[in-house]
Number of protein chains: 2
Amino acid sequence: MELAQELLEIITDPSRISTNLTIREQHGQDVSYHLPKLPDVVVYPQDKQEVSKILQFANERAIPVIPFGVGSSLEGHIIPAQGGITIDMTLMNQIIEIRPEDFLVKAQPGVTRNQLNKALQAYGLFFPVDPGADATIGGMAATNASGTNAVRYGVMRDQVKGLEVVLADGTVIHTGGMSMKSSAGYNLTGLFVGSEGTLGVFTEITLKVYGIPETTIAARAVFPDIGTATQAATAIISSGVAIGKVELVDDFTIDAVNQYKGTAYEPLPTLFLEFSGHKASVDEESSLVKEILQSEGCVNIQFEKDSKARAQLWEARHQVAMAILAKAPGKRLMSTDVCVPLSQLPGALVQARQILSSYQLVAGLLGHVGDGNYHASILIDPNDMHEVENAEIAHEEIVRYALGCGGTCTGEHGVGMGKKQYLSEEHGAEAVAVMKLIKGSLDPKRILNPGKILS
Amino acid sequence: MELAQELLEIITDPSRISTNLTIREQHGQDVSYHLPKLPDVVVYPQDKQEVSKILQFANERAIPVIPFGVGSSLEGHIIPAQGGITIDMTLMNQIIEIRPEDFLVKAQPGVTRNQLNKALQAYGLFFPVDPGADATIGGMAATNASGTNAVRYGVMRDQVKGLEVVLADGTVIHTGGMSMKSSAGYNLTGLFVGSEGTLGVFTEITLKVYGIPETTIAARAVFPDIGTATQAATAIISSGVAIGKVELVDDFTIDAVNQYKGTAYEPLPTLFLEFSGHKASVDEESSLVKEILQSEGCVNIQFEKDSKARAQLWEARHQVAMAILAKAPGKRLMSTDVCVPLSQLPGALVQARQILSSYQLVAGLLGHVGDGNYHASILIDPNDMHEVENAEIAHEEIVRYALGCGGTCTGEHGVGMGKKQYLSEEHGAEAVAVMKLIKGSLDPKRILNPGKILS
């Protein structure tokens, strides 16, 4: 209460400071299995000056600060591990400038991706990164999110051209700019993207946007088993076709989606695909892909040219996490997020299913197979220690397999609280020591989202 | 001599340590106008252990260390501003592993891009970054180089998936990996790329490579003036066509190329273009582009489908720097390298020509107009103080114009010695202070390529 009182000196409007239990609970948990922890206070700044003052205040007193978007993170990123001040960025949700001729947009971090796309549509533009949830662009930049479009358009770090960042001591800096490329000094933009709120708080983001393609075709290709499906996806990527999306959904998950969305997809491992571009290219590429799929053992292919049918198909894909959760009310999700070199993906997926079975875990397998990234979405009861332990062991085995073939423990979710233990194994203790040097030099009092990424 | 003697303890082979004046002169100057300075000694390590020992040795004694590839940098990057040890990476030129199914190659930093492409060809693969010179991949990674293919494939930072880096104190670290994407901790790979040898020395580089496109068509489009040509390039990019290259060469430079290469191109501002991909797409896109060019005032278009004619055309483009230099034997090049938001490019180019004329400078204008990056290649006599001063003022005005419209002082050459004075103006003193914190935490004795990027 005293803290809230003191913050009132900065945020002079009491309705934007809260110690209400429900509000704190909403800011104490993300959509993962990680156990909640409450912030002492939640503040809703309206501009960078307020963010700067809050950080200066917190830094002087060594109080933890946690930036918060919509709370859709998957590794406990926004859980106040040591209490402190949660900065909810929801009110900083203005799209500052759309520059259609430069394919750029400047926005505040609280803008969500659906809000952004709605605004861009009038200009024939769109923003491609789609992590499933209607996350904020601030949160997406913080975790270097990606999703189904990454194989074609790249990940969040590829889109962020510039940032306004408030550092731990309240200093406001600008990184990057509005040009498509630059070699002007250290790449601070790329360092802050993916730093999960541990190096600074974003207050403005400049993003690259894209023209909406002239033609888009979606397809659903059904396979007898997961190995064949993955092999087919790899064959498509290797053919050099400029595919837009290649998503794998396993039989368990297809079944969950059918129950949750009322669809009637064949309950077999399925690739969801999309091609887009000018008409002649799309036609040529979709017929090439059809040939590849058939020669790789696909048992059924459905093309969807109609935009409504296409939207329905991707809606189904985007809601798989919810569909899996609906299978077992009360349970929560532990999601693995490894990414392996393309050639290793078929083996990795087969291995993952074996690991999950050996620990009697109920889990869906789904993946952005175009870039070697896949998730085992494991249903667990966070209070069932035995189940949690089994899931953790399975998680560890899946990660070890990925690291063993040159992959990463997290392709797009980020480290948060749940993957810290793999960081040294992936990068080596010496590289993690460099990360710690950088953290120490930018946030000497370690107030910024403590307990995340680094131990 | 004493230093060389001491280094003999590390590099036990005396033929790989040199204090010979000619050798030191070769390592004292790049291809820019910056005045040479000699290293005290040049060493040629054969492996990372030797690099590590050299750095440990130098760090203990606070001796400057300068990594050297082929010396094709354009801002004095490899000039030993404070003397010291130049580490020539030429002997570390092994391609370690080509993984065609993963679209990855691991190589030592002394591999040149032509060497790499020759090795990749057998697999139907290629590496797209082409800065013109046959630079080493180590040097290209150090400056975040790009070139004509950047509009389609991205810059060096987009291709480097992992690094082995020797830090100032000799510690060897590994960053990144072999997966297409990762959110596992701070993006050290992207930080080291573009750090110009000031944060560490690369000893191994993992690069993304690409399938050689099925079909490629090149075109040459001639315009009455530079404004119209740039406007046409911008219109092509805005149309969403997946163009491969769009290069602008002004009338002065076309004339220089004709003299140097014996070509007979019309001496007018010219766009050199390339489209590649599957046949139907290329045909569709090239006819779309033809329509756009004509409606934008193009006076002549020549398409080149034949691979020999195409090679000749790009050869001409790649040798413009040499062609300009040949115009005035004994002179050297000062190259501006600004990059502006796409919509600002036509105005920026017209303005640049006016600035150059107002200072009576002889210069070619050429640009990677697809990403808003262009160069004024100014001929100067480094000993003619008046000419150097005029060129520096013109350079400054061109940079100011670019920064004024949200651009960068360097799109692809890097900061080196020549653009340090613009760094604070571009990023703000607070952001430069963050760069200095990072430099200070990784290289506290400031032995790594001192005098570059940061003052």
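None of the values given here were measured: they were computed from a predicted structure.

Overlaying chain A on chain B yields an RMSD of 0.0 Å, the required transformation being a rotation through 180 degrees with an accompanying axial translation of 0.0 Å. Here the transformation between the copies is reduced to the relation of a two-fold axis. Using C-alpha coordinates, one finds that chain A approaches the rotation axis most closely at S281 of chain A, a distance of 2.2 Å. Interface residue correspondence from chain A to chain B reaches 100%, placing this contact among same-surface, isologous pairings.

On to unusual backbone geometry, then. Residues and elements named next belong to chain B. Phi is positive for A62, which is not a glycine, with a value near 55 degrees. The topology assignment puts A62 in the loop between α3 (48-61) and β3 (65-68). Given a relative accessible area of 47%, A62 falls into the partly exposed group. Phi is positive for E196, which is not a glycine, with a value near 55 degrees. With respect to the helices, strands and loops of the structure, E196 is situated in the loop between α8 (188-192) and β10 (201-208).

Before going further, it helps to spend a moment on the sheet that holds strand β6 (residues 104-107) of chain A. All names here are of chain A. Read across the sheet, 5 strands follow the order β5-β6-β10-β8-β9 without closing on themselves; strand pairing throughout is antiparallel. The strands lining the two open edges of the sheet, one partner per strand, are β5 (95-99) and β9 (172-176). The sheet shows a mean angle of 10 degrees between the axes of neighbouring strands, taken without regard to direction. Taken together, the 5 bridges between strand β8 (residues 160-166) and β9 define a ladder with antiparallel strand orientation.

Right, let's talk about the domain arrangement of chain A for a bit. In many analyses, interface size is given as the accessible surface area lost on bringing the parts together. All names here are of chain A. As assigned here, chain A comprises domain 1 (2-88), domain 2 (95-211), domain 3 (215-322) and domain 4 (328-420). Using C-alpha coordinates to define each centre, domain 3 is positioned 22 Å away from domain 4. Contacts between domain 3 and domain 4 engage 18 residues on the former and 16 residues on the latter. Across the domain 3 to domain 4 interface the summed buried area is about 1,400 Å²; carbon plus sulfur atoms make up 69%. For domain 3, the biggest contributors to the area lost against domain 4 are T230, L248 and F252; these three give 30% of the whole. On the surface where domain 3 and domain 4 come into contact, there are 1 salt bridge. The salt bridge partner of D250 is R353, with a shortest N-O separation of 2.4 Å. At the junction of domain 3 and domain 4, the tally comes to 5 residue pairs in polar contact (both at pLDDT 80 or more).

This brings us to the pairing of strand β10 (residues 201-208) of chain A. Successive residues of a regular strand alternate their side chains across the two faces of the sheet. Residue and element names in this part refer to chain A. Counting buried positions along β10 yields 7 of 8 residues, so the element is predominantly enclosed. Two elements, β6 and β10, share 4 bridges in a ladder whose sense is antiparallel. Among the inter-strand pairings, A107 is bridged to a residue of β10, identified as I205. When β8 meets β10, the two strands line up antiparallel, connected through 6 bridges. The residue bridging G162 from the neighbouring strand is T206, located in β10.

Once that is clear, we can look at helix α9 (residues 226-238) of chain B. Residue and element names in this part refer to chain B. The end-to-end C-alpha separation of α9 is 18 Å, in line with the 18 Å expected for 13 residues at 1.5 Å each. Burial within α9 is extensive, with 10 of its 13 residues counted as buried. Inspection of α9 places I226, G227, T228, A229, T230, A232, A233, T234, I236 and I237 among the buried residues, and these make up the whole buried set. For α9, the secondary structure elements touched by its buried residues are α6 (150-153), β13 (245-249), β14 (270-277), α11 (279-295), α14 (345-358) and β17 (363-368). Put simply, D225 is the residue that caps the front of α9, since its side-chain oxygen is 3.2 Å from the backbone nitrogen of G227. In the segment just after α9, G240 is the residue with positive phi, at about 85 degrees.

Taken together, the contacts link 82 residues of chain A with 83 residues of chain B. Together, the buried faces of chain A and chain B total about 5,900 Å²; carbon and sulfur atoms form 60% of this surface. Its largest share of buried area at the contact with chain B, chain A owes to K181, S183 and Y186 of chain A, together 16% of the area lost on that side. For E412 of chain B, the salt bridge identified is with K181 of chain A, shortest N-O distance 3.1 Å. Counting residues per element, the ones that place at least two in the side of chain A that touches chain B are α7 (156-159), β9, α8 (188-192), α9 (226-238), α11 (279-295), α16 (420-427) and α17 (429-442) of chain A. It is α17 of chain A that provides the largest number of residues to the side of chain A that touches chain B, a total of 9 residues. Across the side of chain A that touches chain B, the residue classes break down as 33 nonpolar, 34 polar and 15 charged.

The strands making up a sheet are joined through hydrogen bonds of the backbone, oriented either antiparallel or parallel. Residues and elements named next belong to chain B. Taken together, 5 strands build an open sheet; the order of strands is β5-β6-β10-β8-β9 and the sheet is antiparallel. Only two strands of the sheet have a single neighbouring strand rather than two, namely β5 (95-99) and β9 (172-176). Going from strand to strand, the sheet's axes swing by 10 degrees on average, the running direction of each strand aside. Packing of α3 onto the sheet brings it into contact with β8 (160-166), β9 and β10, and relative to β8 it is tilted by some 50 degrees.

What follows covers the nonpolar core. Core analysis: the largest hydrophobic core is formed by 192 residues, its most contacted members being L271 and L293 of chain A together with L271 and L293 of chain B. When near neighbours in sequence (up to four residues on either side) are disregarded, L293 of chain B contacts A221, F223, A232, I236, L271, L273, C298 and I301 of chain B.

Let's shift gears to α17 of chain A. Between its terminal C-alpha atoms α17 of chain A stretches 20 Å, which fits the 20 Å expected from 14 residues at 1.5 Å a residue. Along α17 of chain A, the positions that sit buried rather than exposed are A431, V432, V434, M435, I438, K439, S441 and L442 of chain A. Residues of α17 of chain A that are buried sit in contact with α8 and α16 of chain A together with β9, α8 and α17 (429-442) of chain B.

Residues and elements named next belong to chain A. The N-to-C vectors of α9 and helix α14 (residues 345-358) enclose an angle of 155 degrees; their axes lie 8 Å apart at closest approach. With respect to α14, the axis of α9 lies roughly antiparallel. Viewed along their axes, α9 and α14 form a crossing whose handedness is right-handed. Taken together, the residues of α14 that come into contact with α9 (itself represented by I226, G227, T230, Q231 and T234) are L345, P346, L349 and V350. Within the contact of α9 with α14, the residues separate by chemical class into 5 nonpolar, 4 polar and no charged.

A few words on the packing of aromatic side chains. Residues and elements named next belong to chain B. According to the stated counting rule, one finds 8 aromatic pairs over all chains in the structure shown. Ring plane angle 90 degrees and centroid distance 5.4 Å describe the contact between F126 and Y153, whose orientation is recorded as edge-to-face. Residue F126 is found in strand β7 (residues 125-126), and its partner Y153 is found in helix α6; the two are separated by 27 residues along the sequence. Across this residue pair, the class does not change: F126 and Y153 are buried.

What counts as what
Residues numbered from 1 in each chain as written. Chains lettered and ligands numbered in written order. Predicted model: local features only at pLDDT ≥ 70, side-chain atom pairs only at ≥ 80, totals over all residues. Heavy atoms only, no water. Least-squares fit on C-alpha atoms with pLDDT ≥ 70 in both. Contact = heavy atoms within 4.5 Å. Helix = DSSP H or I, 4+ residues; strand = E, 2+ residues; numbered from the N terminus. Buried < 20%, exposed > 50% of the residue type's maximum accessible area, 1.4 Å probe, protein only. Pairing = 2+ DSSP bridges. Axes fitted to C-alpha atoms, helices over the stretch in contact; angles between N-to-C directions. Domains from an automatic or database assignment. Buried area = accessible area lost by both parts, 1.4 Å probe. Salt bridge = Lys/Arg side-chain N within 4 Å of Asp/Glu carboxyl O. Polar contact = N/O pair within 3.5 Å; in protein donor to acceptor, adjacent residues only side chain to side chain. Expected span 1.5 Å × (residues − 1). Nonpolar A, V, L, I, M, F, W, Y, C, P; charged D, E, K, R; others polar. Core = buried A, V, L, I, M, F, W, Y, C linked by side-chain atoms within 4.5 Å. Parallel < 35°, antiparallel > 145°, perpendicular 65-115°, else oblique. Left-handed = near helix turned anticlockwise from the far one by under 90°. Phe/Tyr/Trp six-rings, centres within 6.5 Å; stacked < 30°, edge-to-face > 60°.

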